Amino acid sequence: MLYLGGWLPIILLFIMSICLIVVMARYTRNRIVFSLAALLGVMSLGLILYSIFIVGGWDGMAIGFYSISAFLGLSIGTAISPFIKKKSLNG
């Protein structure tokens with residue numbers, strides 16, 4: 001059995017953010033997906049800066065890892081989203 005320890009929530013956040021963007025790309029328009037991905041990306045970058053400059057220490061490092069994981073997942077999901085086939089409304 002694979003033991004991931006403390007990395008499991010970070011990996012799950014990464015995978016969930018990719019899946020969220022890909023599912024949204026399938027069922028909504030690209031403008032909505034890109035706008036939401038940009039907004040969440042800016043929030044993730046802001047959280048990274050907050051964790052470095054305001055929180056600091058080990059707590060800030062943990063917040064930084066979570067926000068970096070979310071940002072990378074959003075970036076990869078957004079890069080994959082143009083290749084996702086749209087769901088047809090007629091069937």
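Preceding this section is the structure that the text describes.
First things first, this report covers the structure right here in the doc. Predicted, not measured: the structure shown is a model, and the values here were computed from it.

### Digging into the overall build of the protein chain
Moving on, step 1. Secondary structure summary: the protein chain contains three helices and zero strands in total.
Moving on, step 2. Residues classed as buried in the protein chain amount to 23% of the 91 residues present.
Moving on, step 3. Here the analysis covers contacts within the protein chain between residues at least 6 apart in sequence; of these, 74% occur between residues at least 24 apart.
Moving on, step 4. As presented, the protein chain carries roughly 6600 Å² of accessible surface, and 75% of it is formed by carbon and sulfur atoms.

### What to know about helix α2 (residues 30-55)
Moving on, step 1. An ideal rise of 1.5 Å per residue puts 38 Å on 26 residues; α2 measures up with 35 Å between its terminal C-alpha atoms.
Moving on, step 2. Of the positions making up α2, those classed as buried are Val33, Ala37, Gly41, Ser44, Ile48 and Ser51.
Moving on, step 3. In this structure, the buried side of α2 is in contact with α1 (8-27) and α3 (57-80).

### Considering a nonpolar patch on the surface
Moving on, step 1. Judged by side-chain polarity, Leu47, Leu49, Tyr50, Ile52, Phe53, Ile54 and Val55 come together as a nonpolar surface patch covering roughly 710 Å² of accessible area.
Moving on, step 2. Take Phe53: it is sitting in helix α2.

### Examining the side chain of Ser51
Moving on, step 1. Mapping Ser51 onto the fold places it in helix α2.
Moving on, step 2. Apart from the residues lying within four places of it in its own chain, the contact partners of Ser51 are Gly56, Gly60, Ile63 and Gly64.

### Some words on the packing of α1 against α3
Moving on, step 1. Relative to each other, α1 and α3 sit at 30°, their axes nearing to 8 Å. It follows from the interaxial angle that α1 and α3 lie roughly parallel. With respect to the hand of their crossing, α1 and α3 are arranged in right-handed fashion. Contacts from Pro9, Ile10, Leu13, Phe14, Ser17, Ile18, Ile21 and Val22 in α1 reach Phe65, Tyr66, Ser69, Ala70, Leu72, Gly73, Leu74, Ile76, Gly77, Thr78 and Ile80 in α3.

### Remarks on the side chain of Ser44
Moving on, step 1. If you trace the backbone, Ser44 turns up in helix α2.
Moving on, step 2. For Ser44, a relative accessible area of 9% corresponds to the buried category.
Moving on, step 3. Dropping the residues within four chain positions of it, Ser44 is found in contact with Ser67, Ala70, Phe71 and Leu74.

### Comments concerning the environment of Leu74
Moving on, step 1. Within the element layout of this structure, Leu74 appears in helix α3.
Moving on, step 2. Distance from Leu74 to Ile18, taken between C-alpha atoms, is 5.8 Å for residues 56 residues apart in sequence.
Moving on, step 3. Setting aside its immediate chain neighbours within four residues, Leu74 contacts Ser17, Ile21, Ala37, Leu40, Gly41 and Ser44.

### Structural notes on α3
Moving on, step 1. With 24 residues, α3 extends 35 Å from end C-alpha to end C-alpha; this agrees with the ideal 34 Å at 1.5 Å per step.
Moving on, step 2. Packing partners of the buried residues in α3 comprise α1 and α2.

Reading the values: the criteria
Residues numbered from 1 in each chain as written. Predicted model: local features only at pLDDT ≥ 70, side-chain atom pairs only at ≥ 80, totals over all residues. Heavy atoms only, no water. Helix = DSSP H or I, 4+ residues; strand = E, 2+ residues; numbered from the N terminus. Buried < 20%, exposed > 50% of the residue type's maximum accessible area, 1.4 Å probe, protein only. Contact = heavy atoms within 4.5 Å. Areas by Shrake-Rupley, 256 points an atom, 1.4 Å probe, with all protein chains shown as cover. Expected span 1.5 Å × (residues − 1). Patch = residues over 30% accessible without salt bridge, like charges linked within 9 Å, V, L, I, M, F, W, Y side chains within 5 Å. Salt bridge = Lys/Arg side-chain N within 4 Å of Asp/Glu carboxyl O. Axes fitted to C-alpha atoms, helices over the stretch in contact; angles between N-to-C directions. Parallel < 35°, antiparallel > 145°, perpendicular 65-115°, else oblique. Left-handed = near helix turned anticlockwise from the far one by under 90°.

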